[in-house]
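Observations on chain architecture
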Amino acid sequence: MLSLHCLDSEQFPSCIVSYGGPQSNSMLAIAAVVHYQNSRESPGDTVPRCKRFVYYTKKLPRFLRNQPSGNLFRALSLGMELVELANDEYQNLLSSAERSVDTAPPQLPPPVYGDSVWIPQGGACSMALRGTEGLAEEIYEFWSCHGAHQPLSVCFPGGTCCTALLVHRALQRRKRRVLLEKNATPPLDIEVVVIPCVGDEAYARRQMLHLSQHVFGTTAVREHEDSLPAILKPAPEDTQRTGTESNSARPLDYFRFGEPEVHILETFRELRDEYDVVVDLLYGAPAWTLLFRHWTSSSTSASWTPWDPDAPIDGRRVLYVHSGGLEGINSQLLRYKYKKLVDMEEIQWPGRNPASLDE
Amino acid sequence: MICSRYQLYEIPTKNGLPNWCWRVRELGATSSFIWIFLLVMEITMRWSSAYSSVRFLPTPQVSLYRRWIHPERSSSPLAVAVPRSTACGASKNFDDFLNEVIQSKATAAPSVDNGNNNRNHDSIPRSGSAGWRSMDWHAEPMHEMQPPTPSPVDTVVIRDRLVYIKRDDQVRG
């Protein structure tokens, strides 16, 4: 969103159109940028700005339509225009959008002719380049100061896996630049690991290949495959078939996106209560649950080990990139409550004083 | 003669006033009551129509109520100091409906409130991918922004292992 945020008021389009889930982080970020543009005042402005943001999504669940919450509530408050489509209509309209990254589906007309910009789901397009380059630079600089040349695995929870891919590419470029510099120290051993939270390994690979081809040009697929970040497996090879988690008889696999799971909830509570780390329940907690499956074998490593994409956090330092989304915790906890996995006391309701509950 | 004529046609009186005066006063009271009643009815009608979702009114009244609801579009003194019923997101009235019909553009995307059906995008003519603006995201911005402050990194020991957490969820300076 940095590229969008950097646009001047003259450059900023009259309307931005995007699509995706009703609680998308990307949706809220775009709504915030558009609202910021509208509220920003310039000396030359004679009429109030009215930049628009139109967002296509599938039919909302009844509870969300009756009482918008989380990111949806915030985005609507910021002036986002929501367009609900029936599932088949959504698929028909936007399946072509998945084929081409930067262009709108041909059957979708621009809301403002000539000045509407299409942003694909999750902001996964070349728009994200500037922000991810900045993020990669920050990580490299941080580790050059604090890493003491130890190997580092940078872990991203992945939806479209856009951030992970672009940061990975930016880090590669940075390392090449360091190699070309004369009298420079060798580049830092920093690798990117993406933890699939939507779909499985194949889906994540497909998403990244697709994005890579569109953002970095139509070179050979093989070349793109070589430059993808490592994808964390659902479990280490030795435990993948048997399953090691409590009450788990089935083989360990990735989680279904948004589906309430006991293990995800346990991880969420453990991180919050024992380590004071609050993550969201859609990306953060599932990602950490998958990480913890690899944690046991990793924690026994006494010395640093060379990079192995199949065991990407073994014998390496871990840097987890927190992706936010904490606003959606309560709406997700409600789903856990419907499955009788949490009590009402754990959910924060507006206007309820937590202190009164303790008494 | 005249006096006798007066005596002949003496005007009946009541409490020292001629009877016709009383009749006029009674008539005046009745008409005042009628006028007050009509005024109350008029105010009630206007109030109820201003706050109803859709008003079905005869054409002359529509124009009257257009001035009533939208004082800024009317030169009539009638409209002065009458608040807009639709400000602050009140329900849509007939006047707004008319304006929407008049001002609706083919390019307007539907703004959806969550409770309503939102399929009116079907009325938008399909124009293909033409008309979309393509952005050059690689181009330098016209106004160069200061590089944002890096997001902080927390250090936490999780399950006996040192972990760095890049707080990219936090607002950068």
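Residues numbered from 1 in each chain as written. Chains lettered and ligands numbered in written order. Predicted model: local features only at pLDDT ≥ 70, side-chain atom pairs only at ≥ 80, totals over all residues. Heavy atoms only, no water.

A closer look at the overall build of chain B
Within chain B, the regular secondary structure consists of 4 helices and 4 strands. Listing each helix as α and each strand as β along chain B from the N terminus yields α-β-β-α-α-α-β-β. Out of the 173 residues belonging to chain B, those deemed buried represent 24%. (Helix = DSSP H or I, 4+ residues; strand = E, 2+ residues; numbered from the N terminus. Buried < 20%, exposed > 50% of the residue type's maximum accessible area, 1.4 Å probe, protein only.)

Looking at the overall build of chain A
Helix and strand content of chain A: 14 helices and 8 strands. Here chain A, with 359 residues, has 52% of them falling under the buried criterion. For chain A, the computed accessible surface area is about 16600 Å², with 51% contributed by carbon and sulfur atoms. (Areas by Shrake-Rupley, 256 points an atom, 1.4 Å probe, with all protein chains shown as cover.)

Details of the packing of aromatic side chains
All told, the structure shown has 12 aromatic pairs over all chains when counted by the stated rule. With 5.4 Å between their ring centres and 55 degrees between their planes, F257(A) and Y283(A) make a pair best called tilted. Of this pair, F257(A) sits in the loop between α10 (237-240) and α11 (262-275) while Y283(A) is found in the loop between α11 and α12 (284-299), placing the two residues 26 residues apart along the sequence. Accessibility expressed as a relative area gives 22% for Y283(A), which makes it partly exposed. Each member of the aromatic cluster is reached from another via a ring pair, and the members are Y19(A), Y90(A), W118(A) and W132(B). The ring of F216(A) carries R169(A) above its face, with NZ or CZ at 4.3 Å from the centroid. The side chain of R159(B) reaches across the aromatic face of F292(A), ending 3.8 Å from its centre. (Phe/Tyr/Trp six-rings, centres within 6.5 Å; stacked < 30°, edge-to-face > 60°. Lys NZ or Arg CZ within 6 Å of the ring centre and 35° of its normal.)

Details of the side chain of S227(A)
Residue and element names in this part refer to chain A. With respect to the helices and strands, the residue S227 is situated in the loop between α9 (221-226) and β7 (230-231). Residue class for S227 comes out buried when judged on its relative accessible area of 9%. Here R169 takes part through its side chain, which lies 2.7 Å from a polar atom of the side chain of S227. Filtering out sequence-adjacent residues up to four positions away, S227 remains in contact with L165, H168, R169 and Q172. (Polar contact = N/O pair within 3.5 Å; in protein donor to acceptor, adjacent residues only side chain to side chain. Contact = heavy atoms within 4.5 Å.)

Topic: the pattern of salt bridges
All names here are of chain A. Following the criterion strictly, the structure yields 20 salt bridges over all chains and no others. In this structure, D189 engages R316 in a salt bridge whose closest nitrogen and oxygen atoms are separated by 3.1 Å. A residue pair is termed long-range when its members are at least 10 positions apart, and D189 in the loop between α7 (162-180) and β6 (190-196) and R316 in the loop between α12 and β8 (317-321) qualify at 127 residues. For R316, a relative accessible area of 2% puts it in the buried group. Several salt bridges converge on common partners, so that one network encompasses E137, E141, R174 and R177. (Salt bridge = Lys/Arg side-chain N within 4 Å of Asp/Glu carboxyl O.)

Section: the sheet that holds strand β4 (residues 116-119) of chain A
Residue and element names in this part refer to chain A. Taken together, 4 strands build an open sheet; the order of strands is β3-β2-β1-β4 and the sheet is parallel. In this open sheet, the two strands that pair with only one neighbour each are β3 (81-85) and β4. Going across the sheet, the axis of each strand differs from the next one's by a mean of 20 degrees, ignoring polarity. Bridge analysis of strand β1 (residues 15-19) against strand β2 (residues 52-58) gives 5 bridges, and the strand direction is parallel. In the sheet register, C15 faces β2, and the bridge partner there is R52. (Pairing = 2+ DSSP bridges. Axes fitted to C-alpha atoms, helices over the stretch in contact; angles between N-to-C directions.)

Quick notes on the nonpolar core
Residues and elements named next belong to chain A. By size, the foremost hydrophobic cluster in this structure holds 70 residues, and its most contacted members are W288 and L291. Top contributing element to this core by residue count: α7, with 8 residues. Those residues within four positions of L291 in sequence are excluded, and the remaining contacts are C155, I195, L232, I313 and Y320. Counting residues in each nonpolar core, the second largest holds 24 residues, with V34, A75, I119 and M127 among its members. (Core = buried A, V, L, I, M, F, W, Y, C linked by side-chain atoms within 4.5 Å.)

So, the sheet that holds β7(A)
With respect to topology, 6 strands assemble into an open sheet ordered β7(A)-β6(A)-β5(A)-β8(A)-β4(B)-β3(B), the strand pairing being mixed. The sheet terminates laterally at β7 of chain A together with β3 (153-158) of chain B, the two strands that pair on one side only. Of the pairings in the sheet, the one linking β8(A) to strand β4 (residues 161-166) of chain B comprises 4 bridges and is parallel in character. The residue of β4(B) that forms the bridge with V318(A) is V163(B). Helix-sheet contacts for helix α6 (residues 129-146) of chain A involve β5 (152-158), β6 and β8 of chain A together with β3 and β4 of chain B, and the interaxial angle to β4(B) is about 145 degrees.

Quick notes on helix α13 (residues 329-338) of chain A
Residues and elements named next belong to chain A. Residues I329, S331, Q332, L333, L334 and Y336 constitute the buried set of α13. The inward-facing, buried residues of α13 contact α11. At the exit of α13 stands K340, carrying a positive phi of roughly 60 degrees.

Topic: the confidence of the model for chain B
Residue and element names in this part refer to chain B. When pLDDT is averaged along chain B, the result is 59, and 34% of the positions lie at 70 or above. The element-level mean pLDDT for chain B is lowest in helix α3 (residues 59-69), coming to 44, with β3 highest at 94. Predicted confidence for residues 1-8 stays below pLDDT 50, and this span has 0 contacts to residues more than four positions away or in other chains. Note that pLDDT drops below 50 for residues 101-128; the model gives that stretch 54 contacts with residues more than four away or on any other chain. Across the predicted assembly, pTM comes out at 0.69 and ipTM at 0.86. (pLDDT = per-residue confidence, 0-100.)

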